[in-house]
Amino acid sequence: EKTLMTAPAIEMRGITKRFPGVVANQDVDLKIEKGEIHALLGENGAGKSTLMNVLCGLYKPNEGEICIDGKVVDLNSPSDAIAAGVGMVHQHFMLVSSQTVAENVFLGYHRAGFVLSPSQMATEVRKFGEQYGLTIDATAKIWQLSVGEQQRVEIIKVLSRGAQILILDEPTAVLTPQESESLFQTLRQMAASGKT
């Protein structure tokens, strides 16, 4: 009996990224299957963040190609990446501290005919949080949250935009050991649901 092979979630082939006077990535290949969790390890300056910034559309590679679910994609911006199902949670969060969790999740979220009241936004955020074990008070202001809770907001924000592939840049660097363990449980739950 034949087994139908599915395409990997991500395949980066021959990625080279140069900056003036520096080759940050040279002929890098990376293949990750659906539902897998990978960690890129290396010294400072090894090119890990550059490679992930190529994958999330912040940088355009000088050479190479990116395939998502078996299709070659052209990621010219983070918007292109999220449309292709790739979202990134940066080490330095991009949240507006004076706004609520729900407002931050939906900030910049554009969809034709898409208008939600504050209570509807809070309900949507709670739904995403419960689905992935990311409990958070959707009505709290960002400045009231711990660093771990702020990271949950960033993850919910990426998930709410349809990301199937999540990139987390040094996700445990700012977390307590308990918050790190909670994050690992969340990541395992997301991987079990088919996210990468």
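From a predicted model like this one, the values you see are computed outputs, not experimental measurements. (Residues numbered from 1 in each chain as written. Predicted model: local features only at pLDDT ≥ 70, side-chain atom pairs only at ≥ 80, totals over all residues. Heavy atoms only, no water.)

A. A look at the environment of Ile165. Relative to the helices and strands, Ile165 resides in strand β6 (residues 165-168). Take Ile165: its relative accessible area is 5%, and that puts it in the buried class. When sequence neighbours within four positions are dropped, the list of residues in contact with Ile165 reads Ala9, Ile10, Ile68, Gly85, Val86, Gly87 and Thr196. (Helix = DSSP H or I, 4+ residues; strand = E, 2+ residues; numbered from the N terminus. Buried < 20%, exposed > 50% of the residue type's maximum accessible area, 1.4 Å probe, protein only. Contact = heavy atoms within 4.5 Å.)

B. Focus on unusual backbone geometry. Phi angles above zero are rare outside glycine, and Asp27 is one such case at about 55°. One can find Asp27 in strand β2 (residues 22-32). With relative accessibility at 53%, the residue Asp27 sits in the exposed group. A positive phi is found at Asp69, a non-glycine position, where the angle reads about 55°. For Asp69, the location among the structural elements is in the loop between β3 (63-68) and β4 (71-73).

C. Quick peek at helix α5 (residues 147-160). For α5, which comprises 14 residues, the first-to-last C-alpha distance of 20 Å matches the rise-based estimate of 20 Å (1.5 Å per residue) to within 8%. Within α5, 11 of the 14 residues are buried, leaving the element largely enclosed by the surrounding structure. In this fold, the buried residues of α5 make contact with α2 (78-83), β5 (86-89), α3 (101-106), α4 (118-132), β6 and α6 (177-192). In the segment just after α5, Gly162 is the residue with positive phi, at about 95°. (Expected span 1.5 Å × (residues − 1).)

D. Highlighting the pairing of β2. Where strand β1 (residues 10-19) and β2 come together, 7 bridges link them in antiparallel fashion. Bridge assignment links Glu11 to a residue of β2, and that residue is Lys31. The antiparallel pairing of β1 with β2 creates a hairpin that spans 2 residues between the two strands, and Gly21 there sits at a positive phi of about 80°. (Pairing = 2+ DSSP bridges.)

E. Region of the structure containing the packing of aromatic side chains. Scanning the model with the defined rule gives 1 aromatic pair in all. Ring plane angle 75° and centroid distance 5.2 Å describe the contact between Phe19 and Tyr59, whose orientation is recorded as edge-to-face. Note that Phe19 is positioned in strand β1 and Tyr59 in the loop between α1 (48-55) and β3, a separation of 40 residues in sequence. The class of Phe19 is partly exposed, set by a relative accessible area of 29%. Take Tyr59: its relative accessible area is 30%, and that puts it in the partly exposed class. (Phe/Tyr/Trp six-rings, centres within 6.5 Å; stacked < 30°, edge-to-face > 60°.)

F. Geometry of the sheet that holds β1. Across the sheet, 4 strands lie side by side as β2-β1-β3-β4; this open sheet has antiparallel pairing. Each having just a single partner strand, β2 and β4 make up the two edges of the open sheet. Taken over all neighbouring pairs, the strand axes of this sheet differ in orientation by 30° on average, direction set aside. Bridging between β3 and β4 involves 3 bridges; their strand directions are antiparallel. (Axes fitted to C-alpha atoms, helices over the stretch in contact; angles between N-to-C directions.)

Purely spatial values, then, with no claim about function.
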